[in-house]
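So the chains spell out like this:
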Amino acid sequence: MTPGAVAGPDGALRCPWALSTDDYVAYHDEEWGRPVHGDDALFERISLEAFQSGLSWITILRRRPGFRAAFAEFRIEKVAAFTDADRERLLADTGIIRNRAKIDATLANARVLADWAEGDLDELIWSHAPDPAGRPAPKTLADVPAVTPESTALSKALKKRGLRFVGPTTAYALMQACGLVDDHLETCVARAAR
């Protein structure tokens with residue numbers, strides 16, 4: 001049977017994935033599932049979720065300071081202006097994941113988003129938040145989906161507008177990380193704190 005929330009060293013019940021490292025505990029308790037707004041902040045989350053594809057989230061989380069430094073704090077206008085020299089710099093930067101396709105997608109996404117009106121990304125993403133009343137709190141990790149109809153619709157909407165590396169699974173991870181859905185387990189301390 002898949003476990004429900006598990007007691008951490010402090011005795012508080014948490015989602016089991018959060019207890020594998022101290023980095024995860026802090027991320028789980030203070031960030032994951034909390035509402036994120038603002039185009040630049042959401043661009044950062046889209047980019048990091050894309051870089052995570054095929055990797056462990058802890059790899060991305062531990063390199064997040066390097067990503068922020070390398071990608072101008074994920075300010076859309078600045079990243080959109082990156083040159084071929086910046087691309088080569090990123091490909092050589094050991095502080096990030098040096099995946100050519102993911103770097104190219106991040107740069108391309110910034111260029112697409114730079115043409116949007118301020119607030120359009122925030123509005124588009126949040127328009128796909130499901131009604132929380134229709135989503136019972138998950139009791140175990142087995143109750144947490146990898147893809148939903150809403151994440152599939154969000155993925156399609158982002159792709160239609162020209163964004164890359166935003167498949168339905170990545171879109172759902174974005175929805176979880178940015179608080180569009182609350183997938184903290186029913187008895188998790190972070191769910192109660194939301």
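Residues numbered from 1 in each chain as written. Predicted model: local features only at pLDDT ≥ 70, side-chain atom pairs only at ≥ 80, totals over all residues. Heavy atoms only, no water.

## A short note on the packing of aromatic side chains
We apply this condition: Here a Phe, Tyr or Trp ring, Trp counted by its six-membered ring, pairs with any other such ring whose centre lies within 6.5 Å, and the pair is stacked when the planes are under 30 degrees apart, edge-to-face when over 60, and tilted otherwise. The classification of residues rests on relative accessible area computed with a 1.4 Å probe and restricted to protein chains. Under 20% of the type maximum is buried, over 50% is exposed, and intermediate values are partly exposed.
Per the stated rule, a full pass over the model turns up nine aromatic pairs. An angle of 90° between the planes, with centres 5.5 Å apart, marks the rings of Trp 17 and Tyr 24 as edge-to-face. Relative accessible area serves as the criterion here: at 23%, Trp 17 is assigned to the partly exposed category. Residue Tyr 24 is classed as buried on the basis of its relative accessible area of 10%. Each ring, one from Phe 71 and one from Phe 74, has its centre 5.4 Å from the other, and the planes form 15°; the classification is stacked. Accessibility expressed as a relative area gives 0% for Phe 71, which makes it buried.

## Points about the nonpolar core
A general feature of soluble globular proteins is that nonpolar side chains tend to end up buried together. Rules: Put simply, a nonpolar core is a bunch of buried Ala, Val, Leu, Ile, Met, Phe, Trp, Tyr and Cys residues held in one set by side-chain atoms that sit within 4.5 Å of each other. By the criteria applied, helices consist of DSSP H or I runs no shorter than four residues and strands consist of E runs no shorter than two, each listed in order from the N terminus. Contact between two residues is taken to exist if any of their heavy atoms lie within 4.5 Å; hydrogens are not considered.
Phe 43, Phe 67, Phe 71, Leu 90, Leu 121 and Ile 125 are the most contacted members of the largest nonpolar core, which totals 47 residues. Per element, the largest residue contribution to this core is six residues, and it comes from helix H3 (residues 57-70). Apart from the residues within four sequence positions on either side, Leu 121 is in contact with Asp 39, Leu 42, Phe 43, Ile 46, Leu 113, Trp 116 and Leu 158.

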